[in-house]
Amino acid sequence: QMQLVESGGGLVQAGGSLRLSCVASGSLFSTITMGWYRQAPGKQRELVADITRNGNINYAESVKGRFTVSRGNAKNTMYLQMNSLVPEDTAVYYCKVLDVYARSYWGQGTQVTVSS
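The structure displayed is predicted, hence computed values, not measured ones.

What counts and what doesn't
- Residues numbered from 1 in each chain as written.
- Predicted model: local features only at pLDDT ≥ 70, side-chain atom pairs only at ≥ 80, totals over all residues.
- Heavy atoms only, no water.
- Patch = residues over 30% accessible without salt bridge, like charges linked within 9 Å, V, L, I, M, F, W, Y side chains within 5 Å.
- Areas by Shrake-Rupley, 256 points an atom, 1.4 Å probe, with all protein chains shown as cover.
- Salt bridge = Lys/Arg side-chain N within 4 Å of Asp/Glu carboxyl O.
- Helix = DSSP H or I, 4+ residues; strand = E, 2+ residues; numbered from the N terminus.
- Buried < 20%, exposed > 50% of the residue type's maximum accessible area, 1.4 Å probe, protein only.
- Phe/Tyr/Trp six-rings, centres within 6.5 Å; stacked < 30°, edge-to-face > 60°.

**Q** So what's going on with a nonpolar patch on the surface? Which residues, and what values?
**A** Taken together, the side chains of Ile32, Val100 and Tyr101 make up a nonpolar region of the molecular surface, amounting to roughly 310 Å² of accessible area. Here Ile32 lies in strand β4 (residues 31-39). On the accessibility criterion, Ile32 (37% relative accessible area) is partly exposed.

See below:
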C-alpha cells in the first residue's frame, strides 16, 4: 500500500554533489522513520541517514558533515543532499520507510557513481 520512488542518481566526479529525492505514495500515518540506505557491490546494505517523524536524524559516520537528509513540507518526500562526494560513496541508494508494525518498504534504488 506504500510505494517509494527514488531519483537523482548519476555519475559525478569526486568533490561534486548530487541531490537524491524520494517520493512516497500511500499512507504515511504509521511511519516511524524514513531513511536512505546504500549497497555497494559485494557489500551489505547499510544505513546512510534516516529521519523520524519527530525530526531526529541519524547519519552514518562516513557521511557526517557531507550529507544532509531532510523531509519535504508535504512529508511525503525525502531528500539526501550529498556534497564532497568520494569514490567510496559509489553504490545503489535506496529509500526506505519503516512503519509501526515493523514493516519495511523500499524503493527501486538509484545508482550513484563517483569517479576519481
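**Q** I'd love a proper account of the pattern of salt bridges, names of residues and values included.
**A** Inspection of every chain in the model, using the stated rule, returns five salt bridges. With a shortest N-O distance of 3.0 Å, Asp89 and Arg38 are connected by a salt bridge. Of this pair, Asp89 sits in the loop between β8 (77-82) and β9 (91-99) while Arg38 sits in strand β4, and the two are 51 residues apart along the sequence. Across this residue pair, the class does not change: Asp89 and Arg38 are buried. Ionic pairing is found between Lys64 and Glu61, a salt bridge with its closest N-O pair at 3.2 Å. For Glu61, a relative accessible area of 63% corresponds to the exposed category. Each of the salt bridges in this network shares a partner with another, and the network as a whole consists of Arg38, Glu46, Arg66 and Asp89.

**Q** Describe the packing of aromatic side chains, listing the residues and the values that go with them.
**A** Taken as a whole and assessed by the stated rule, the structure comprises two aromatic pairs. Consider the rings of Tyr37 and Trp106, whose centres lie 5.2 Å apart with planes at 65 degrees: the pair is edge-to-face. Residue Tyr37 is found in strand β4, and its partner Trp106 is found in strand β10 (residues 104-106); the two are separated by 69 residues along the sequence. The class for Trp106 is partly exposed, based on a relative accessible area of 35%. With a centroid separation of 6.2 Å and an interplanar angle of 85 degrees, the aromatic rings of Tyr94 and Trp106 are classed as edge-to-face.

**Q** Account for unusual backbone geometry, with residues named and values stated.
**A** Even without a glycine there, the phi angle at Ser84 is positive, about 50 degrees. Tracing the backbone through its elements, the reader meets Ser84 in the loop between β8 and β9. Within the chain, Ala102 stands out as a residue other than glycine whose phi angle is a positive 65 degrees. Here Ala102 shows up in the loop between β9 and β10. Assessed through its relative accessible area of 61%, Ala102 is described here as exposed.

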